[in-house]
Amino acid sequence: MNTIRLSISLALLVVFPAQALLLQQGEARFDIDPATLQVTANNILVNQAQHQQAVTGLQSTPTHTSWQWPKSDMQITARLEDGDLRLSFSSRRAQTLDWFTLPSQTATLLLPIGEGSRIPLDNAVWQHYLVKEMTPLDTNWDLKLPLWSQQQQGKVYSWLLLSPFNNQVSFASAKDRLTMRSSHQFNRFNQQQAFEVLLHVGDTPLSGARRYREYLQQSGQFSSLRDKIRIAPEGEKLIGATHIYLWGDKLLAAADVKNWPGLLAWLVSPTGEVLWQKMDGDIQKTVQKLAGKTPEAWQQQALVDAVNQALVALTPLKATPDDAGFLQAQHQQATQIRELAQRQLGSYLAPADSWGQGLAKPLVEALHQAGLPRLWLGTDNWTAEFLHPQAVESAKKSGYLIASYDSYDTAIPRGVNDSWLTAQLPTALREECAIVRADGSKKPGFGKQGYYLNPGCVLPYSQQRMRELVQLAGLNSLFLDVDGTGMVSDDYQPGHPTGAAQMAQARNARLAWFSNTLKLPLGSEDGNAVTARHIMFAHGMETWGFGWGDKQMNQDKSSPYYLGAWWPNAQPAFFFSPAKVKEPYRTVEFDPRYRLPMYQAVFHDAVISSHHWNYDNLKFSDVETTRSLLSQLYNTAPMFHLSRATLQARLPHIKQADAAFRPLHQALWDKALTDFRWRDQAGWVQQTTFSDGSILTANFGQQPLDGIAAQSLRANLADGRILNITP
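Residues numbered from 1 in each chain as written. Predicted model: local features only at pLDDT ≥ 70, side-chain atom pairs only at ≥ 80, totals over all residues. Heavy atoms only, no water.

Participant: Outline the packing of helix 13 (residues 459–473) against helix 14 (residues 500–518), listing residues and values.
Facilitator: How two helices sit against one another is set out by the angle between their axes and by the gap between those axes. Between helix 13 and helix 14, whose axes approach to 11 Å, the crossing angle comes to 35°. Here helix 13 and helix 14 pass one another in a crossing that is right-handed. Between helix 13, through Leu459, Ser462, Gln463, Met466, Arg467 and Val470, and helix 14, the contact on the second element is made entirely by Ala509, Arg510, Trp513, Phe514, Thr517 and Leu518. In terms of residue class, the contact of helix 13 with helix 14 is made up of seven nonpolar, three polar and two charged. (Axes fitted to C-alpha atoms, helices over the stretch in contact; angles between N-to-C directions. Helix = DSSP H or I, 4+ residues; strand = E, 2+ residues; numbered from the N terminus. Left-handed = near helix turned anticlockwise from the far one by under 90°. Contact = heavy atoms within 4.5 Å. Nonpolar A, V, L, I, M, F, W, Y, C, P; charged D, E, K, R; others polar.)

Participant: Lay out the packing of aromatic side chains in plain terms, naming residues and giving numbers.
Facilitator: The full count for this structure, using the stated rule, is 32 aromatic pairs. Ring geometry for Trp376 against Phe537: centres 5.2 Å apart, planes inclined by 55°, an arrangement best described as tilted. One end of the pair, Trp376, is in strand 19 (residues 375–379); the other, Phe537, is in strand 25 (residues 537–539), and 161 residues separate them in sequence. Here Trp376 matches Phe537 in class, with each residue buried. Ring centres 6.1 Å apart and planes at 25° place the aromatic pair Tyr405 and Phe479 in the stacked group. On the criterion of sequence distance, the pair formed by Tyr405 in strand 20 (residues 401–406) and Phe479 in strand 23 (residues 477–480) is long-range, its members being 74 residues apart. Considered together, Tyr405 and Phe479 belong to a single accessibility category, that of buried residues. An aromatic cluster is defined as three or more aromatic residues linked by ring pairs; in this entry it consists of Trp126, Tyr129, Phe546, Tyr585, Phe590, Tyr615 and Phe620. Here Arg118 stacks its cationic end above the ring of Trp678, 5.3 Å away from the centre of that ring. Against the face of Phe574 rests Lys619, its NZ or CZ located 5.8 Å from the ring centre. (Phe/Tyr/Trp six-rings, centres within 6.5 Å; stacked < 30°, edge-to-face > 60°. Buried < 20%, exposed > 50% of the residue type's maximum accessible area, 1.4 Å probe, protein only. Lys NZ or Arg CZ within 6 Å of the ring centre and 35° of its normal.)

Participant: For the pattern of salt bridges, give the residues involved together with the corresponding values.
Facilitator: Applying the stated rule across the entire model yields 34 salt bridges. Between Asp249 and Lys250 there is a salt bridge, with the nearest N and O atoms lying 2.9 Å from each other. It is possible to trace a salt-bridge network through shared partners that takes in Arg79, Glu81, Arg86 and Glu196. (Salt bridge = Lys/Arg side-chain N within 4 Å of Asp/Glu carboxyl O.)

By themselves, these are just geometric observations and shouldn't be taken as functional.
Laid out in structure tokens, this is it:
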């Protein structure tokens, strides 16, 4: 194609033939075809031609050009900014803009799925995964950073989507190679905003991520952990902390019963009749059979579950979600359950301040006595904190953070699943704040139950409940589900029409309100770039959710890949029973040769990442060492599920992970991850570098290299310490 230069004063009012425009600034040179958006960077094709458009109104200088597509009512500008190419598209009507096609000459795609993925375009496993499971994907939720990079002829070309919403990426397989396209949707909500992308040319796999970090900093959208700790000083306790979820939201554990023969005999006596009557027939038969005896360990759990259920049945909740004091009523119910148990059963039980299945004072004390000075402790809802205030106080006295799970993303009617406490919202709020799709239907909530809610509409209610929850439960941290995922949509509800970008702003507003008003460390799911600014920690980036609909993982109990049932309450198999990882997930998620710390290159010193809570450090037996090494290499936090019944078996693993993570994170928590490289040709030995010069090197292979043992990590810290770690 011919290269033309036009002065800025020249405006063509007729259809312009397809010819390339040259933009040049120093060594940066970009050729753009205004009719097809074909782009070359220093003579390397980085965007294939799209459908040809008629061009009018062309104006150009050496570093800036603009034109129109009259048939599409589209205005396009292209300009150079410090060696980067910035494209801007403005539309006068609703339409889909097809703007990108990955050139066939691309060797490798670098995609921020989870922490980041290095994808050879001829890899059959990756092709199948992206085409079958990831098409289409969006750039605010599915991609954890709104960008991708492509490696071509020794350079890395990165497309940063400065407008991260209403975008779609699709994959296909052609001639045994992966193809990729991207489009942007202009609609009634975003037509007033230009769609903008930035093309950056770099030399390393992290060039695009590092440039995106600079963009966030330059545009005032980046907050470091130091910034966040100044607002919420308790966040300092996250530095070097292992994250532990404590399971069991009932009053008593089997270990709390000190006199089983006496308890069972009392249950079948006239004085125990009131509790006895609240038990089902099978349990009653078991109690009668065992009265005056000590049950076997496997029987004790079922019996104590029955006692817990009977206590709740005798102490009904005296409010509904439609009542203003619903949370307060739950707190009062928990207090009454404790009092009833002490009054009726106290002589058969351990002292009341030691009760609890997961969140329990004996467990907290055992963690502290094991030499674990920094922990984040979380529960799956606030009932455990209401039932066990003494354990909450013990955790805080031990220097730990104690948090509950909370969420305002889905609201369900009464009677659907009353144990899903966070989804029990007022009826009027559920109806008024439900997200409405373009066809006028309300968007079904998580698991197709209830409705998904507009975060802006429900913001006042969520602020009130979060404040009340922190006070009633005595929390010094909170995990707020979903908000950190960047999951947004357009809401056509007439009462609160909201575009995707506005919805993200509402999620950020809720996160910011908690951090700035309650001044406590806040975490959320994933920690996607568009909703990461106001959170300190995120669960779901180091190991991200996968295989949601896979039958072997979720239904086939005979499969080695079966994750397990959500039972028993105090130790759900889904979280505690080990499983193996099936393909393609073993390759795309856990093969270290295809992993890349793109997210950490942006947010290492801003958000402390860990695994999705479905998959703690011990969940997958066949990749346990690999996952630990990846986490150590990226300097992300370990995670464990724990209950009193599993403490003895799991405590050694927790101590080992703490000994590896805590000193490294205390040295590097406020340092940026600046570089990544492969130390061997096969990709089994990898190295990360941090802004203070510290270097972490992980050997995932079976043979030592440069003195680093197989399946181990060496840390060369800036202060001169050398640490050798074997998971």
